[in-house]
Amino acid sequence: MSWNEQREGIEAGRLDTFVDGSFAFTLTLLLIGGASILDSTASLLRALGGIPAFAMCFFQIAFFWLGHVHWRRLCQSADPAGRWLSLLLVFFALIFVYPLHMVFSGAFAWLSGGALPSNFHATGGPGDMRTLFACYGLSYACMAGTLTLLFAHAARSAARRGFHNLDARRQIRVWSVPAVIGVISTLTALLIPSSAPSWVWAIPGLMYSLLFLIGPVVDRFNRRHASA
């Protein structure tokens, strides 16, 4: 192994350690106990009521983190483009964690009729819901879009070395789906009139059920490139 390869390996390892630590930090912001130590059974039960929201938030953060892990397996180099895009992903993750928790804690409190606690209360009416879903959708789109750019970078790096990385090209399409859905959800939240009935404000959140389109997109890509 040459000195350049060793140096790139060290730099890539340091970058991955920073990214992993940053994603772990975002999860500490979602701890069900909050910043204080629980001192009563009532506070314990209230904290346990936040487990469903925490589980969904954990899944979303892990979803994006695993995307970066997959990218690293396809792109071993430590070039500036990959480094800056990885740092951009961390930047968006630290922003995403706040609307993420507010959306899911509010959703579970609403679905349970208040049995599951939530620190988020839409006291400002439709304006609060518009702001919340717009921030969530834009953050979601930015994170998925950054991963799309990372896999596009991996595909270009492979092309420069003289071969086609089909997995990277497939992942470009995979991450394009949540990026587009995030943008559409954001636009939907911004366009809903303030006079709309309360149930209409669930539409921007329900649009994320369209993530099932990732499967058909991957299947179509696999069929198209099966001969390769």
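Analysis parameters
- Residues numbered from 1 in each chain as written.
- Predicted model: local features only at pLDDT ≥ 70, side-chain atom pairs only at ≥ 80, totals over all residues.
- Heavy atoms only, no water.
- Core = buried A, V, L, I, M, F, W, Y, C linked by side-chain atoms within 4.5 Å.
- Buried < 20%, exposed > 50% of the residue type's maximum accessible area, 1.4 Å probe, protein only.
- Helix = DSSP H or I, 4+ residues; strand = E, 2+ residues; numbered from the N terminus.
- Contact = heavy atoms within 4.5 Å.
- Salt bridge = Lys/Arg side-chain N within 4 Å of Asp/Glu carboxyl O.

Re the nonpolar core
In terms of nonpolar packing, the biggest core is built from 43 residues, with Phe23, Phe64, Phe96, Tyr136 and Met143 touching the most fellow members. Counting residues per element, the ones that place at least two in this core are α1 (3–28), α3 (51–74), α4 (80–111), α5 (126–160), α6 (166–191) and α8 (214–224). It is α5 that provides the largest number of residues to this core, a total of eleven residues. When neighbours within four sequence positions are excluded, Tyr136 is seen to be in contact with Gln60, Phe96, Pro99, Leu100, Val103, Phe104 and Tyr208. Core analysis: the second largest hydrophobic core is formed by seven residues, Ala189, Ile192, Ala196 and Trp201 among them.

Observations concerning the pattern of salt bridges
If you walk through the whole model with that rule in mind, you get two salt bridges. Of the charged contacts in the structure, one is a salt bridge between Arg170 and Asp167, with a shortest N-O distance of 3.0 Å. Here Arg170 and its partner Asp167 are both found in helix α6, three residues apart, which amounts to about one turn of the helix. Relative accessible area serves as the criterion here: at 22%, Arg170 is assigned to the partly exposed category.

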